[in-house]
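# What the coordinates show
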Amino acid sequence: MTEKPAAPIRDGPVAIRPANSADKSRIRAWRNKPHVRQNMYTDHKIKKAEHENWLEAAQCDPTRELWVIQCDGEDIGVVLISEIDPVGKSASWAFYIGEEGLTGRGIGTRVERLVLHRIFDELKFDRLRCEVLEFNQMVIGLHRKFGFRETGRIEARVERDGKMVAAVCLELERGNLPKQPPLETTD
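All of the points below concern the structure found in this document. (Residues numbered from 1 in each chain as written. Predicted model: local features only at pLDDT ≥ 70, side-chain atom pairs only at ≥ 80, totals over all residues. Heavy atoms only, no water.)

### A word on the packing of aromatic side chains
Evaluation of the coordinates by the stated rule reveals one aromatic pair. Ring centres 5.3 Å apart and planes at 10° place the aromatic pair tryptophan 93 and phenylalanine 95 in the stacked group. By relative accessible area, tryptophan 93 is classed as buried at 4%. The ring of tryptophan 54 has arginine 31 lying over it, and the distance from NZ or CZ to the ring centre is 4.1 Å. Directly above the aromatic system of tyrosine 41 lies the positively charged group of arginine 157, at a separation of 3.7 Å from the ring centroid. (Phe/Tyr/Trp six-rings, centres within 6.5 Å; stacked < 30°, edge-to-face > 60°. Buried < 20%, exposed > 50% of the residue type's maximum accessible area, 1.4 Å probe, protein only. Lys NZ or Arg CZ within 6 Å of the ring centre and 35° of its normal.)

### Here's the deal with the pairing of strand E8 (residues 163–173)
When you tally the buried positions in E8, you get eight out of eleven residues, the bulk of the element. Direction of pairing for strand E6 (residues 127–133) relative to E8: antiparallel, over a ladder of seven bridges. Note on E8: the bridge partner recorded for leucine 133 is alanine 167. (Helix = DSSP H or I, 4+ residues; strand = E, 2+ residues; numbered from the N terminus. Pairing = 2+ DSSP bridges.)

### Points about the packing of helix H1 (residues 24–31) against helix H3 (residues 48–60)
For the pair H1 and H3, interaxial distance at closest approach is 10 Å and the crossing angle is 115°. Here H3 runs roughly perpendicular to H1, going by the angle between their axes. Note on packing geometry: the crossing formed by H1 with H3 is right-handed. On H3, the residues touching Lys24, Ile27, Arg28 and Arg31 of H1 are Lys48, His51, Glu52, Trp54 and Leu55. Across the contact of H1 with H3, the residue classes break down as three nonpolar, one polar and five charged. (Axes fitted to C-alpha atoms, helices over the stretch in contact; angles between N-to-C directions. Parallel < 35°, antiparallel > 145°, perpendicular 65-115°, else oblique. Left-handed = near helix turned anticlockwise from the far one by under 90°. Contact = heavy atoms within 4.5 Å. Nonpolar A, V, L, I, M, F, W, Y, C, P; charged D, E, K, R; others polar.)

### Quick word on the pattern of salt bridges
Taken as a whole and judged by the stated rule, the model has 21 salt bridges. The closest approach of N and O atoms between glutamate 131 and arginine 157, which form a salt bridge, is 3.9 Å. Taken together, the residues span a long stretch of sequence, with glutamate 131 in strand E6 and arginine 157 in strand E7 (residues 149–160) at a distance of 26 residues. Here glutamate 131 falls in the partly exposed class, since its relative accessible area comes to 38%. (Salt bridge = Lys/Arg side-chain N within 4 Å of Asp/Glu carboxyl O.)

### Topic: the side chain of arginine 31
By the secondary structure assignment, arginine 31 is in helix H1. Nearest to the buried, unbridged arginine 31 among oppositely charged side chains is glutamate 50, at 5.6 Å. (Lys, Arg positive; Asp, Glu negative; His and termini not counted.)

### Focus on the layout of surface pockets
There is about 1500 Å³ of room inside the largest pocket. As for the largest pocket, its lining consists of 47 residues, and the residues nearest its centre are Asn39, Ala94, Phe95, Tyr96 and Asn136. The element contributing the most residues to the lining of the largest pocket is strand E5 (residues 90–97), with six residues. Of the residues in the lining of the largest pocket, the class split is 22 nonpolar, 15 polar and ten charged. Reported here for the second largest pocket is a volume of approximately 180 Å³. Forming the boundary of the second largest pocket are Arg113, Leu116, His117, Phe120, Asp121, Leu177, Pro178, Lys179, Gln180, Pro181, Pro182 and Leu183. A per-class count over the lining of the second largest pocket returns seven nonpolar, two polar and three charged. (1 Å grid on protein atoms, 1.4 Å probe; cavity = no way out; pocket = protein on both sides within 12 Å on 5 of 7 lines; lining within 4 Å. Points joined across faces, edges and corners; volume = space filled by probe spheres on them.)

### Some details on unusual backbone geometry
Phi at lysine 124 is positive, roughly 60°, even though this residue is not glycine. In this structure, lysine 124 sits in the loop between helix H4 (107–122) and E6. Residue alanine 156 is not a glycine yet carries a positive backbone phi of 50°. Relative to the elements of secondary structure, alanine 156 occurs in strand E7.

Remember that the coordinates give geometry; whether it matters functionally is a separate question.
Here it is in structure tokens:
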């Protein structure tokens, strides 16, 4: 079993910090924003009880870590590391920026660096997986920039606007991790 993180991890103006119960309402509000829902597997409006059950399960599950993304000290989104397998040294992950108008600032790149640091440097894992809906080419491209390779597709994973959409399965193995500059741990 891995030890749940207690402190934020920083890369310049972007940090991820462990989520706590005070984040409950904000995370639900982000999850219900149209620009977030369209890229998730479930795109319905999430009711309070459903969200509270999900959040409690995520926070109590040793195979999941829930983080809040911060930029310039402001909470802006979520990272979920899941399927944490210390024996197999692997995990899966997903993230979203809940606040709007933040594209083009390199936040996603820094979030990816922070997650890779958590998985490969702190946890010493060998493999990280993710799934991205096929139309989300910006995120697929971001993952590929960091060495993720397509390992398959899940056809007809979700329905959007009356059409079935596939998910692209991506994986990064330690041996394919591109060399990165150190995290910028001070402002």
